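# Understanding the architecture of this molecule
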There are 2 protein chains.
Amino acid sequence: MNTINNPDRSKWSEILKRPTQTVADIEQTVHKVFDEIRLTGDAAVGKYTQAFDGIDLDTFKVSAAEMDAASAEISQELKEAIALAKKNIEIFHAAQRTERVVVETMNGVNCWQEKKAIQKVGLYIPGGTAPLFSSILMLATPANIAGCEEIVLCTPPDKNGNVNPAVLYTAKLCGVTQVFKIGGIQAIGAMSFGTESVPKVYKIFGPGNQFVTVAKQLATRYQVAIDMPAGPSELLVYADDSANPAFVASDLLSQAEHGVDSQVIMVSTSEKMLELVSDEVEKQLDELPRKAIAQQAIENSKLILVETEETALELINEYGPEHFIVCSENEDYFVDNIMNAGSVFIGNYAPESAGDYASGTNHTLPTNGYAKQYSGVNLDSFMKQITYQKVSEEGIKNIGPAIELMAEAEGLQAHKNAVTLRLKSLNQ
Amino acid sequence: MNTINNPDRSKWSEILKRPTQTVADIEQTVHKVFDEIRLTGDAAVGKYTQAFDGIDLDTFKVSAAEMDAASAEISQELKEAIALAKKNIEIFHAAQRTERVVVETMNGVNCWQEKKAIQKVGLYIPGGTAPLFSSILMLATPANIAGCEEIVLCTPPDKNGNVNPAVLYTAKLCGVTQVFKIGGIQAIGAMSFGTESVPKVYKIFGPGNQFVTVAKQLATRYQVAIDMPAGPSELLVYADDSANPAFVASDLLSQAEHGVDSQVIMVSTSEKMLELVSDEVEKQLDELPRKAIAQQAIENSKLILVETEETALELINEYGPEHFIVCSENEDYFVDNIMNAGSVFIGNYAPESAGDYASGTNHTLPTNGYAKQYSGVNLDSFMKQITYQKVSEEGIKNIGPAIELMAEAEGLQAHKNAVTLRLKSLNQ
C-alpha cells in the first residue's frame, strides 16, 4: 500500500485528488435515447432494452404474479435479515419527521413552514449478479414514511427478461407501487418524460453506472430533480493505536471491493498502526472472491501519516469523505469537529457495512467531495417545504410601510402599490 | 385579459404551459468564460468585466471604506424598513432550527443525525437600476443563522466601477464577509473555481438573468451546488367573491412588472370576480411606471373560470405556482390541500409583496413547476446533514448476522467479512 509520511499542506489537494471522469461521449448517447423516448415512448424504451440488455420485452411492468412469486425464492433467513434492517431504517428515518414551524413575526403576521411529500418519485436499482436490494430499503422506506403517493422502481431485466427475486421481494415489502424491467439510460428517460406505461416522476433516486449517472444529470434539465451527483464510493479511516488492525483492514477492503475506482484512505498519527493495517490488508486480500477488483483499488489507496490529531482533522475536513470511520481514543474530538462527511462510523464495532445495511442510517451518501454541501438521503429528500403567510388588517399595517419603502427603493412600483391600496382601504 | 371558461382537463397542460428557453448559445459563452477563469483567474475576470460591464477594474473587492461610506447614502427611513424586514426574516428562519435526531435503533446501535453549516457560500445579486438588496436579506440572514463561515457576495459594478449603496449597506448589515464587484458569468465562474482574489465556495445562491442562470447550472458540474433551478417568476391567484378585485388586480400587476416573461394566472369559480379583476387591471395598469413591461406580461396572462373549488385545487396543484395567493371564504380547503407551491399568501391582506420583503418568509422560491420537488430557500439550504453511528459490542452482535446475510446475498464478501471478523473476536 502507498504510504505518505507527513505530507506538506501544499501537497494535500494533489494527494486527496479524486479521479475525474470524462462524460462527453456518454452525453451524446443519453441525448439520443432521451430524444427518442420523448417522441415514441415505450417503443424507444423497447428498442434500447433490446440493444443494451439483449431482450425483447412486450411489457415492461412486473406483474402482480411475478411480484408474489418472488417471495418463494427468498430464504426465510434472508427475509428476517431484511425485516431487521427495514425496521432500523424505519425507526431512524421516522424520527427525522419535523413539526410545522409556526411563528407570528409581528402582530397579525403569521408565518409557517410545512413539509409535504413529493408526490411521485422514481428509484433506480442496478441489475447484474449482485442485486442491490439494500438500496431499495434505503430509498423506498423513507419515501413511504414521507407519504409519496407514487413510488416507481426501474431495474434492468436479465437475458431472460426476469428481475432478481430479492429486488422484487424487497420492493413489495417496502411499498413500491410499480416495478418496471427497464435499465440504464432508458429507465431514467422513461421516468423523466413518462411513457405509455411508465409514469413521469418528479425526483429520481438511486445508484448506477456512468451511463445512469450522466442520464440523471441530464434529466435535471427536464423538470426532474435527482438525489445527488454521483461518483465512485469512498472511505476514509482515522485509526490510532487503540484500533484493531484486522478490523480496519477489513473495512478498507470492503470499500475496495466496490470497484477498481473506489477511493480508500487511512489517516493516522501512528506509524505502527499504518504498518499493521497494511500487513493485514495483504493477508485478507488473498481470501476475497472479488480480489482482482479489491487489489486494484487498494493499489490506488493511500495511508497517510500525520503528526497531530489536529492535522488529521483538517485533512479529513478538506477531503470530505463519503464514509468516515474513526477508531481513536480521542473519538469525541473527531466526532465533534468533523464538518464534512456523509456518514460517520465510531469505534471498533462500527464497520461501514453496518451503515450499508442495517444500523438504520441511510447508505445513499454524498461522495466525490460533495459532503461539503450535500446531505445524504434522508426523510427530507422525499419532501419539499412550503411556506405560508396569513396577514391580518393589523398585520399589513405593521409591515406595510416598510414594504412600500423597500419596493420603491428597488424600483418596483406595482409591488408598492399592492400594499398602498390595502393600507388606504384601511384608513378610510 | 385572456379568459378561459371551464377548460377541459385534457387542455390543462397546454393552458398551464410555461415558456421554454433555449440556452445552447449561452452555454458556449459560459464554457469559454469558465475555461479562461480556471486558467488565468483574476485576469480573465477582469477581461470579461471590461467586455460585459464596460469597466476596467484594478481590484474587485469592495474596500472597507466603500462599505462604510454606503451607510451615509441610505435614508434613515429605508434603514428602518430594512431593519424591520431583517428582524422578521431572522425570527422565521431561526425558528427552523432542528435538534439533533438521536435514536438507539437496537440495543447498542446508536444512530444520530446532525446538521452542520456549509462552510463557504456565495451569493449573487444582480445590478442595474433596481438593486435587489432584499435578496441579500433573504440569503445572508439564514446563512448567518446557519453558521456559514464565509459568505461571499458578487454583484456587477456600474460604468463608474461602483456598487449601489443599498446593496453594500445591506451586505454589511447581514454579515456578508466579502463583497466583489463582479457580475454575470464571470461572477459565477470566480466563485466556482476561486481566483487570486475570490474564494472558491461550495454552494451558490441568488437570482440573475439567463446568463447567470446557465452559468449556475453549468457550475454544478464543478463540485458546486446551487440553490435551485431558475425560471421566470410567476403568481397564481385563486379568488372567489369574497376577494377585493382591486387588491387582486394589484397583485397580478406586481407580478407582471417583473418582466415580460412573468407568468400571471388567476383561477376562480366566479365569472363576476374574473370580470371585475380584469377591469381593475386595465385601470391600474395605466398608472405604472413599468407599464410597458407589465402590459406585455398581462397580455400573456390567463383568467381561468372553473366550476368547482375541487377542480380549482387540482389545477393549481398541477401547475405548482411559485407564489399562490388565496382569497376565498373557503381558504382552509386550499391551505390544507395545496401540495405544490413555493409560498402561499392567505387572505385579502397578504399581497405577494409581503413575502417579497418583510413578512419573514423567504422570497427565493421554486418557479417553473419546480415547486413539485424543490423547497424555497430556508435555513436547511445553508446546511447539510451528517449521520453518525456508534455501535457497541452488543450492538454488532444484534445487527451483525443480518448484515452478513444481506452482504452475502448482494455478493459483497468483504462487506460480510468486516462483520464476521468482529463477531468472531467477540465469541473467542
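Residues numbered from 1 in each chain as written. Chains lettered and ligands numbered in written order. Predicted model: local features only at pLDDT ≥ 70, side-chain atom pairs only at ≥ 80, totals over all residues. Heavy atoms only, no water.

### Overview of the overall build of chain A
Counting its secondary structure elements, chain A contains 17 helices and 14 strands. Over its C-alpha atoms, taken along the principal directions, chain A stretches across nearly 90 × 60 × 45 Å. When each of the 428 residues of chain A is scored for burial, the buried share is 64%. Of the contacts made within chain A by residues no fewer than 6 positions apart, 74% connect residues no fewer than 24 positions apart. Just so you have it, chain A exposes about 15700 Å², and 46% of that area is on carbon and sulfur atoms. (Helix = DSSP H or I, 4+ residues; strand = E, 2+ residues; numbered from the N terminus. Buried < 20%, exposed > 50% of the residue type's maximum accessible area, 1.4 Å probe, protein only. Contact = heavy atoms within 4.5 Å. Areas by Shrake-Rupley, 256 points an atom, 1.4 Å probe, with all protein chains shown as cover.)

### Focus: the sheet that holds strand β13 (residues 343-346) of chain A
Sheet architecture is open: 9 strands sit in the order β1(A)-β11(A)-β10(A)-β9(A)-β12(A)-β13(A)-β14(B)-β3(B)-β2(B), paired in mixed fashion. Looking at which strands have only one partner, the edges of the open sheet turn out to be β1 (2-5) of chain A together with β2 (101-106) of chain B. Averaged over all neighbouring strand pairs, the angle between strand axes comes to 20°, with direction disregarded. Across 4 bridges, strand β12 (residues 323-327) of chain A lies against β13 of chain A in parallel orientation. If you follow H323 of chain A over to β13 of chain A, its bridge partner there is S343 of chain A. (Pairing = 2+ DSSP bridges. Axes fitted to C-alpha atoms, helices over the stretch in contact; angles between N-to-C directions.)

### Here we look at the domain arrangement of chain A
Along its sequence, chain A is organised into domain 1 (24-98 + 117-224), domain 2 (231-375) and domain 3 (392-427). A C-alpha centroid distance of 57 Å is found between domain 2 of chain A and domain 3 of chain A. (Domains from an automatic or database assignment.)

### Examining the side chain of D356 of chain B
Secondary-structure assignment places D356 of chain B in helix α15 (residues 352-357). No salt bridge is formed by the buried D356 of chain B; the nearest opposite charge belongs to R422 of chain A, separated by 11 Å. Beyond its immediate stretch of four places on either side in the chain, D356 of chain B contacts H415 of chain A together with S134, M138, H323 and H363 of chain B. (Lys, Arg positive; Asp, Glu negative; His and termini not counted. Salt bridge = Lys/Arg side-chain N within 4 Å of Asp/Glu carboxyl O.)

### Let's talk about the packing of aromatic side chains
Given two aromatic rings, their pairing is described by the distance between the two centres and the angle made by the two planes. Residues and elements named next belong to chain B. Applying the stated criterion across every chain, the model contains 20 aromatic pairs over all chains. Ring geometry for F34 and Y222: centres 6.2 Å apart, planes at 70°, overall edge-to-face. With a gap of 188 residues between them, F34 in helix α2 (residues 24-40) and Y222 in the loop between α9 (210-219) and β8 (225-226) connect regions that are remote in the sequence. On the numbers, 5.4 Å between centres and 85° between planes, the contact of Y370 with Y374 is edge-to-face. (Phe/Tyr/Trp six-rings, centres within 6.5 Å; stacked < 30°, edge-to-face > 60°.)

### Concerning the sheet that holds strand β5 (residues 150-155) of chain B
All names here are of chain B. One open sheet accounts for 5 strands, arranged β6-β5-β4-β7-β8; its pairing is parallel. Each of the sheet's edge strands pairs with one partner strand only, and the pair in question is β6 (178-181) and β8. Here 2 bridges tie strand β7 (residues 203-205) to β8, and the two strands are oriented parallel to one another. Pairing of K203 across the sheet is with A225, part of β8. Packing against the sheet, helix α6 (residues 133-146) makes contact with β4 (120-124), β5 and β7, and its axis sits at approximately 165° to β5.

### Quick word on the interface of chain B and chain A
Opposite the 120 residues of chain B that make contact, chain A presents 120 residues. At the boundary of chain B with chain A, total buried surface from both sides reaches about 10500 Å², with 60% on carbon and sulfur atoms. Of all residues in chain B, Y349, E410 and R422 of chain B bury the most surface against chain A, accounting for 8% of the area lost on that side. Across the contact surface, chain B and chain A share 6 salt bridges. Of the charged contacts in the structure, one is a salt bridge between R422 of chain B and D251 of chain A, with a shortest N-O distance of 2.7 Å. (Buried area = accessible area lost by both parts, 1.4 Å probe.)

### Some remarks on helix α16 (residues 393-409) of chain A
Residues and elements named next belong to chain A. Helix length check: α16 (17 residues) gives 24 Å between terminal C-alpha atoms against 24 Å at 1.5 Å per residue, within 8%. Bending of α16 peaks at approximately 45° at the position of I399, with proline P401 no more than four residues after it. Once α16 finishes, G411 follows within two positions and takes phi at roughly 75°, a positive value. (Expected span 1.5 Å × (residues − 1). Bend = angle between axes of the 7 residues up to and from the residue.)

### Some thoughts on the pattern of salt bridges
This model, assessed by the stated rule, comprises 34 salt bridges over all chains. Of the charged contacts, one joins R221 of chain B and E27 of chain A as a salt bridge, the two residues approaching to 3.5 Å between their closest N and O atoms. Of this pair, R221 of chain B sits in the loop between α9 and β8 while E27 of chain A sits in helix α2 (residues 24-40), placing the two residues on different chains. Judged by its relative accessible area of 35%, R221 of chain B is partly exposed. Residue classification places E27 of chain A among the buried residues on the basis of a relative accessible area of 13%. Close ionic contact of D35 of chain A with R38 of chain A constitutes a salt bridge, the shortest N to O distance being 3.9 Å. Pair noted here: D35 of chain A and R38 of chain A are both in helix α2, with a separation of 3 residues, about one helical turn. D35 of chain A gets classed as partly exposed once you look at its relative accessible area, which sits at 38%. Overall, R38 of chain A belongs to the partly exposed group, its relative accessible area being 47%. In the salt-bridge network here, residues are joined through shared partners; they are K32, E36 and K47 of chain A.

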